[in-house]
Amino acid sequence: MIKYADLIAAQQTMRDTIKSTTLMPSKTFSKLADTQIFMKLENLQTTGSFKVRGAFNKIFHLTEAEKKYPVVAASAGNHAQGVAFSATKLGLKSTIFMPTFTPPTKVSATRSYGADVILTGDSFDDAFAASQEYCKTHNATYIHPFNDPKIIAGQGVVGLEIFIQCPDVDTVIVPIGGGGLISGIAIAMKEMKPSIKIIGVEAEHAASALASHEKGEIVTLPSVSTIADGIAVKRPGDLTFKIIEKYVDDLVTVSDTEIAYAAYLMLQRGKLLVEPAGAAALSAAITRKSNCMGKTVVPVISGGNINMSLLQQIIDQGMYLEGLRTTLQVILPDHAGELQKILAILDKLKANIQDIVHERSITSVPVGHVMVLLTVNLQHKKQLDTIKGELGKRGLTCRVIH
């Protein structure tokens, strides 16, 4: 079992290289969660994620014989960048195996930190198998993303920092993938203040730690499905599962919709860019998933490396959920000037048109009419009722599609 002293040693190891990230209070999220919220911003960490902490601690402590050969990882995201940065910083070569579907931005970021990237296979399992074969033939050292004492100790420094920054903390909420981050934080917090509650959060369709806890033994899920790829892990580690069982007070899940909305709110209200896995802990706080939440709560915002196309979807969906965007369907007589009537109403009300679809060929549209779909950005929620009222005055009926 990893000891508290291992975390202190890891803190000293990374002191001059890895950032001590900000602990930021938030009035907005405190109000939503009905408690005092302080966010631990690991999205602002070097490489954009907490993963660099464990990777640096592990690689730093390799033997001199191991350091003569490359270090290897299989990862489609944050662990890859953490290993690449750490290896380069410590003067070692790194080879990272990534599935072929890995977003180009993550591939280029990993290469920019000095790694050789090998794209192989259609799944993480394929990339992992290739990495293991490479280790055998090149005497390389595989850097596990979570199930390793040095990795866990490195991630646990997050917990040491939280306690220094906020000694009154009584609850820490941590996203769980393989369990390395929550294991390290739990060891740190329970040593310094045993009364602190540790809440683990998983995506509802990738809840391997919860399934394992409920069965009392490690469970491997047949599949996982979530936008939070940073915590999409089928099976917790042997080591991390033992620590979770010993120290974690509650395990909860959040849906992809809840995760996406939390990420949207962090961008819109908090001015912070986070990836879905990084938003999971805050999502659990503002949706009040656990009875263990106390008066001073720290959700760990674990990373900020988000796929840009996914970010656009999150923004779009968030605007719909907040009532700041709507899509209306209107059936009009197919005559010149009819569409202009609607546009004039929207112009008068200062509602900005995002998109227009003009359709007359589908069978659900009566002959001699046209269906118009209008996606409109609103100034506030009540503006939708005003628009519907103005359309009604002109004999036009609209249906809210979204």
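Before reading on, note that the structure itself is shown above.
Calculation rules
- Residues numbered from 1 in each chain as written.
- Predicted model: local features only at pLDDT ≥ 70, side-chain atom pairs only at ≥ 80, totals over all residues.
- Heavy atoms only, no water.
- Helix = DSSP H or I, 4+ residues; strand = E, 2+ residues; numbered from the N terminus.
- Buried < 20%, exposed > 50% of the residue type's maximum accessible area, 1.4 Å probe, protein only.
- Contact = heavy atoms within 4.5 Å.
- Areas by Shrake-Rupley, 256 points an atom, 1.4 Å probe, with all protein chains shown as cover.
- Lys, Arg positive; Asp, Glu negative; His and termini not counted.
- Charge placed at Lys NZ, Arg CZ, Asp CG, Glu CD.
- Patch = residues over 30% accessible without salt bridge, like charges linked within 9 Å, V, L, I, M, F, W, Y side chains within 5 Å.
- Salt bridge = Lys/Arg side-chain N within 4 Å of Asp/Glu carboxyl O.
- Phe/Tyr/Trp six-rings, centres within 6.5 Å; stacked < 30°, edge-to-face > 60°.

What should I look at first to understand the overall build of the protein chain in this one?
A tally of regular secondary structure across the protein chain gives 15 helices and 14 strands. Taking the principal axes of the C-alpha coordinates as reference, the protein chain spans close to 80 × 50 × 40 Å. Residue burial in the protein chain is summarised as follows: out of 402 residues, 54% are buried. Relative to all contacts within the protein chain whose residues are 6 or more apart in sequence, the contacts with residues 24 or more apart total 72%. Of the roughly 17,800 Å² of accessible surface on the protein chain, 52% is carried by carbon and sulfur atoms. Between the centroid of the 41 positive side chains of the protein chain and the centroid of its 37 negative side chains there is a distance of 5 Å.

I would appreciate a short explanation of a nonpolar patch on the surface in the present structure.
Together, Leu267, Leu273 and Met308 make up a nonpolar patch on the protein surface, roughly 240 Å² of accessible area in all. Counting through the fold element by element, Leu273 comes out in the loop between α11 (256-268) and α12 (276-286). The class for Leu273 is partly exposed, based on a relative accessible area of 37%.

Before we go on, may I ask you to explain the side chain of Gln383 in this structure?
Of note, Gln383 is situated in helix α15 (residues 383-393). The exposure class of Gln383 is buried, given its relative accessible area of 3%. If we ignore the near neighbours within four places in the chain, the residues touching Gln383 are Leu349, Lys350, Ala351 and Leu378.

Would you explain the packing of aromatic side chains in this entry?
Describing an aromatic ring pair means giving the distance of the ring centres and the angle of the ring planes. Tallying each qualifying case throughout the model produces six aromatic pairs. Between the aromatic rings of Phe97 and Tyr134, the centroid separation amounts to 5.5 Å while the plane-to-plane angle is 65°, which identifies the pairing as edge-to-face. Placement of the pair is Phe97 in strand β4 (residues 94-98) and Tyr134 in helix α6 (residues 124-138), with a sequence separation of 37 residues. With respect to burial, Phe97 and Tyr134 carry one shared label: buried. One aromatic cluster is present, built from ring pairs that chain together Phe124, Phe128 and Tyr142.

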